[in-house]
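Spelled out, the chains give:
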Amino acid sequence: MKIGLFFGTFNPIHIGHLIIANIMVETSDLNQVWFVVSPQNPFKKSKTLAHEFDRYDMVQAAINDSYHLRVSDIEFNMPRPSYTVDTLAFITDKYPEHNFSLIIGEDNLLSFKKWKNYKAILDNYGLYVYPRPTDSKPELADHPNIHWVDAPILNISATYIRDLVKRNKSIKYLVPDLVEQMIAQKKLYI
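Here the structure is a predicted model, which means the values were calculated and not measured. (Residues numbered from 1 in each chain as written. Predicted model: local features only at pLDDT ≥ 70, side-chain atom pairs only at ≥ 80, totals over all residues. Heavy atoms only, no water.)

> Explanation requested: the side chain of Ser101 in the structure shown.
Structurally, the position occupied by Ser101 is in strand 4 (residues 99–105). For Ser101, the side chain forms a polar contact with the main-chain oxygen of Tyr125, separated by 2.9 Å. (Helix = DSSP H or I, 4+ residues; strand = E, 2+ residues; numbered from the N terminus. Polar contact = N/O pair within 3.5 Å; in protein donor to acceptor, adjacent residues only side chain to side chain.)

Right under this line is the structure:
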């Protein structure tokens with residue numbers, strides 16, 4: 001099976017993430033998308049990062065009825081910060097029956113050369129890239145292992161959602177109902 005790995009802190013998961021994942025499955029040759037919940041992004045330090053198990057549970061709640069979408073906690077027991085190339089090697093060893101590729105936004109492609117062993121990722125796994133607002137064309141845009149997937153450009157961010165929660169404003173329609181309930185029940189991001 002061909003699986004796209006969508007890495008992120010998902011702090012929290014929102015409809016933008018879900019739309020991108022669904023578009024990937026529906027319009028590319030990927031059979032499934034796995035949300036890989038990262039305990040800590042090496043490029044992001046955040047005091048507002050909810051506990052990894054809470055973020056995992058929110059992703060699970062958001063995708064609970066979809067066969068094509070899965071959630072993974074594979075990085076929870078790996079050294080931190082976790083690097084994508086190490087996770088890809090680990091997940092490939094654990095699930096040799098699958099072919100894995102990485103899903104990233106166009107904005108991340110601009111800085112992709114800064115990633116640990118980016119050439120190994122590109123050569124061995126390939127990238128599925130969705131459009132994001134950028135001012136310039138990424139240097140690697142025409143690489144043969146990069147697959148561009150036409151998807152809507154959504155300007156929704158987890159930072160914006162956390163700010164709304166902190167200000168006691170509604171996040172309805174920005175996150176799935178179950179995620180909104182979990183955030184309220186656990187008093188996350190207050």
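Read on, since the account is not over.
> Just to check I follow, could you spell out the nonpolar core for this structure?
As a rule of thumb, soluble globular proteins bury nonpolar side chains together. By size, the foremost hydrophobic cluster in this structure holds 38 residues, and its most contacted members are Phe6, Ile13, Met24 and Phe35. Elements with a minimum of two residues in this core: helix 1 (15–27), strand 2 (32–37), helix 2 (52–63), strand 3 (69–72), strand 5 (127–130), helix 6 (158–166) and helix 7 (177–186). Beyond its immediate sequence surroundings of up to four residues, Phe6 is in contact with His17, Ile20, Ala21, Val33, Trp34, Phe35, Val36, Ile103 and Tyr130. Counting 23 residues, the second-largest nonpolar core is a separate cluster that includes Phe7, Ile74, Ile91 and Ile121. (Core = buried A, V, L, I, M, F, W, Y, C linked by side-chain atoms within 4.5 Å. Buried < 20%, exposed > 50% of the residue type's maximum accessible area, 1.4 Å probe, protein only. Contact = heavy atoms within 4.5 Å.)

> I keep staring at the pattern of salt bridges and nothing clicks. Help me out?
Once the charged atoms of two side chains with opposite charge are near each other, the side chains can pair. All chains considered together, the criterion is met by nine salt bridges. Among the salt bridges present, the one from Asp86 reaches Lys116, with a minimum N-O distance of 3.1 Å. Taken together, the residues Asp86 in helix 3 (residues 84–94) and Lys116 in the loop between helix 4 (106–110) and helix 5 (118–124) connect sequence positions 30 residues apart. Notably, a salt bridge pairs Asp142 with Lys137, separated by 3.1 Å at the nearest N-O pair. Using a relative accessible area of 63% as the deciding quantity, one classes Asp142 as exposed. Judged by its relative accessible area of 58%, Lys137 is exposed. (Salt bridge = Lys/Arg side-chain N within 4 Å of Asp/Glu carboxyl O.)

> Explain unusual backbone geometry to me, please; I cannot follow it from the model alone.
Looking along the chain, the bond that leaves Asn11 and enters Pro12 is cis, with omega of 5°. Within the fold, Pro12 resides in the loop between strand 1 (2–8) and helix 1. Between Arg80 and Pro81 the backbone carries a cis peptide bond, its omega angle lying at -5°. Within the secondary structure, Pro81 is located in the loop between strand 3 and helix 3.

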